[in-house]
Amino acid sequence: MKKSILITGGAGFIGCHVVQLFVQNYPHYKIVNLDALTYAGNLENLTSIEGAQNYCFEKADIQDAEILDELFEKHGITDVIHLAAESHVDRSITDPLAFVKTNVLGTVNLLNAAKKAWASDLDQHLFYHVSTDEVYGSLHEGGFFVESTPYDPQSPYSASKAASDHFVRAYANTYGMRTVISNCSNNYGPNHFPEKLIPLCINNIKNMKPLPVYGKGENIRDWLFVKDHARAIDTVFHKGKTGETYNIGGFNEWKNIDIVRLLCKKMDEKLGREPGTSEKLITFVKDRAGHDLRYAIDSSKIKNELGWEPSLQFDEGIDITIDWYLNNQDWLEHVTSGAYQDYYSEHYEK
Ligand code: NAD
Ligand code: TYD
């Protein structure tokens, strides 16, 4: 059977890299990109594959169950890679219900559509759910999240992702659906919406605007280059074992303040500024409510069992990322006009 893969959220940050990889590397698959084009979705992320024979785009909302049934039928969907989500923790603190609607209800709608469309040969299809390490909660000193770490989500975002993971496992157990889940650490790289730490700082350094560091900047995240995550998703989709979970990470932990200083140093060099110029923009601001202290992921299972590991060192990935933003001013200007300004003043300038 020829594969017709529904990739949801393909106009977003990670999704656009996954869609491009699949369209370019698998010309014999049909790739259907379903995205509602919220503030975070942008078709400018996909210009490189716009006219490809094996690609099509459908603007649709996963909250709408009916349209999902129609699209499964129209495109003869054989497999799903599900990335569509509300993804920003700060927004989840302001509006948790939007996260329940897309991340929980939307995922269940998608599971139902798949179950219905695949009823006669359920074991021939795969539902791949892309999740986050944040479902495991917050670590203190030492230790890593492994696949058996109990779920302990602490923010409305991570609670909604945890709920969606549970539904995917429940559909595997109850209805025999073939599913796989991966939980990844923080991604960085080109096309990242500038509400998240790294692109927000790059944009603000460029514009000589304050760099808002929450609390003391002591929180730790594990960072992975987005194209390495896309490669991992390709690996799990093709080689992962049904019913399994795979943790994906970079073994690359950084305190927020150290990342911000690194960006300042590199951008002073690239922009020809006096060393130390951008660091003066660092501004410590009120901490995020319920701010998780540390995430760190042990990705040895995917390395040992499926042979995936990160290809880029952080230093190299950060250079590529900064250069991408400096060379793609139009993209940055488009996404930071309009609604972004309202979000920014509401969140940072009140
Ligand atoms: P993103 O916010 O950049 O993109 C999300 C995409 O989903 C957007 O294109 C948006 O338009 C679309 N979308 C949102 N609501 C929708 C709806 N109701 N119907 C259809 N489309 C909708 O997110 P991202 O950073 O690319 O994350 C993608 C996935 O990976 C998410 O499931 C997220 O939880 C997970 N993840 C992200 C990270 C990270 O560091 N960004 C890390 C681990 C896991
Ligand atoms: P973020 O990029 O929002 O990802 P997540 O919350 O999913 O890890 O934030 C990364 C870290 O940076 C997190 O500890 C919060 C912090 N942060 C700031 O200090 N300032 C900011 O303006 C933002 C957006 C995040």
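Our subject in this report is the structure included herewith. Worth saying up front: this structure is predicted, and the values here are computed from it rather than measured.

1. As for the site of ligand 1
In step 1: Contacts to ligand 1 come from 29 residues, most closely from I14, D35, S87, Y157 and K161.
In step 2: The contact in question runs from a nitrogen atom of ligand 1 to an N or O atom on the side chain of T102, over 2.9 Å.
In step 3: Among the elements of the structure, α1 (13-25), β5 (126-132), α5 (156-175) and β7 (186-188) are those that each provide at least two residues to the shell around ligand 1.
In step 4: Of all the elements, β5 adds the most residues to the shell around ligand 1, at three residues.

2. Describing the site of ligand 2
In step 1: Within the structure, ligand 2 sits among 18 residues, and E134, R221, R288, H291 and Y348 are positioned closest to it.
In step 2: In this structure, E134 approaches ligand 2 through a side-chain N or O atom, which is 2.6 Å from an oxygen atom.
In step 3: In this structure, an oxygen atom belonging to ligand 2 sits 2.9 Å away from a side-chain N or O atom of N186.
In step 4: Within the complex, 97% of the 510 Å² of free accessible area of ligand 2 lies under protein.
In step 5: With three residues, the top contributor of residues to the shell around ligand 2 is strand β8 (residues 211-214).
In step 6: Class assignment of the residues belonging to the shell around ligand 2 gives a composition of seven nonpolar, five polar and six charged.

3. Details of a negative patch on the surface
In step 1: Where like charges cluster on the molecular surface, the negative patch consists of D61, D64, E66, E70 and E73.
In step 2: Checked against the element boundaries, E73 lands in helix α2 (residues 65-75).
In step 3: Note on E73: relative accessible area 68%, which makes it exposed.

4. Considering the sheet that holds strand β6 (residues 179-184)
In step 1: Taken together, the seven strands give an open sheet; going across it, the order is β3-β2-β1-β4-β5-β6-β10, and neighbouring strands pair in parallel fashion. Each edge of the open sheet is held by one strand with a lone partner, namely β3 (55-59) and β10 (245-248). Strand-to-strand twist of the sheet, defined as the mean angle between neighbouring strand axes without regard to direction, takes the value 20 degrees.
In step 2: Summarising the sheet, strand β2 (residues 30-35) and β3 pair through five bridges and their orientation is parallel. Bridged to N33 within β3 is F57.
In step 3: Those strands touched by helix α7 (residues 226-239) are β1 (4-8), β4 (79-82), β5, β6 and β10, and its axis lies near 145 degrees from that of β5.

5. Section: the nonpolar core
In step 1: Within the largest apolar cluster, 33 residues are counted, with the highest numbers of intra-cluster contacts made by I7, F22, I31 and I81.
In step 2: Elements represented by at least two residues in this core include exactly β1, α1, β5, β6, α7, β10 and α9 (300-306).
In step 3: Among the elements that make up this core, the one with the highest residue count is α1 (six residues).
In step 4: Ignoring anything within four residues of it in the chain, the contact list for I31 reads I5, I7, V19, F22, V23, N54, Y55 and C56.
In step 5: Membership of the second largest hydrophobic core comes to 32 residues, among which are L200, I202, L326 and W331.

6. Quick notes on the environment of F22
In step 1: Along the polypeptide, F22 turns up in helix α1.
In step 2: C-alpha of F22 to C-alpha of P210: the two residues are 188 residues apart in sequence and 38 Å apart in space.

7. Re helix α4 (residues 96-117)
Count 3.6 residues to each turn of an α-helix, and residues three or four apart come out pointing the same way.
In step 1: In a regular helix each residue adds 1.5 Å, so 22 residues correspond to 32 Å; α4 covers 31 Å between its end C-alpha atoms and thus fits that length.
In step 2: Along α4, the largest kink reaches about 30 degrees and is centred on G106.
In step 3: Along α4, the residues that are buried comprise F99, T102, N103, V104, G106, T107, V108, N109, L110, L111, A113 and A114.
In step 4: Buried residues along α4 sit against β1, α2, β4, α3 (89-94), β5 and α5.

8. Notes on the pairing of β1
Remark: a regular strand shows side chains that alternate across the two faces of the sheet.
In step 1: Buried residues dominate β1, accounting for five of its five residues.
In step 2: Because side chains alternate across β1, one face comprises the buried residues S4, L6 and T8, and the other comprises I5 and I7, equally buried.
In step 3: In terms of handedness, the path from β1 via α1 over to β2 forms a crossover that is right-handed.
In step 4: Here four bridges tie β1 to β4, and the two strands are oriented parallel to one another. Within β4, the position partnered with L6 by the bridge is V80.

9. Brief notes about the sheet that holds strand β11 (residues 253-255)
In step 1: In space, the three strands of this open sheet follow the order β7-β9-β11, with mixed pairing throughout. In this open sheet, the two strands that pair with only one neighbour each are β7 and β11. If you compare each strand with its neighbour and ignore which way they point, the axes differ by 50 degrees on average.
In step 2: By the bridge criterion, three bridges tie β7 to strand β9 (residues 220-225) in an arrangement that is parallel. Within β9, the residue paired with N187 across the bridge is L224.

Each value, and the rule that gives it
- Residues numbered from 1 in each chain as written.
- Chains lettered and ligands numbered in written order.
- Predicted model: local features only at pLDDT ≥ 70, side-chain atom pairs only at ≥ 80, totals over all residues.
- Heavy atoms only, no water.
- Near = heavy atom within 4 Å.
- Polar contact = N/O pair within 3.5 Å; in protein donor to acceptor, adjacent residues only side chain to side chain.
- Helix = DSSP H or I, 4+ residues; strand = E, 2+ residues; numbered from the N terminus.
- Areas by Shrake-Rupley, 256 points an atom, 1.4 Å probe, with all protein chains shown as cover.
- Nonpolar A, V, L, I, M, F, W, Y, C, P; charged D, E, K, R; others polar.
- Patch = residues over 30% accessible without salt bridge, like charges linked within 9 Å, V, L, I, M, F, W, Y side chains within 5 Å.
- Salt bridge = Lys/Arg side-chain N within 4 Å of Asp/Glu carboxyl O.
- Lys, Arg positive; Asp, Glu negative; His and termini not counted.
- Charge placed at Lys NZ, Arg CZ, Asp CG, Glu CD.
- Buried < 20%, exposed > 50% of the residue type's maximum accessible area, 1.4 Å probe, protein only.
- Pairing = 2+ DSSP bridges.
- Axes fitted to C-alpha atoms, helices over the stretch in contact; angles between N-to-C directions.
- Contact = heavy atoms within 4.5 Å.
- Core = buried A, V, L, I, M, F, W, Y, C linked by side-chain atoms within 4.5 Å.
- Expected span 1.5 Å × (residues − 1).
- Bend = angle between axes of the 7 residues up to and from the residue.
- Right-handed = clockwise from strand over helix to strand, strands pointing away.

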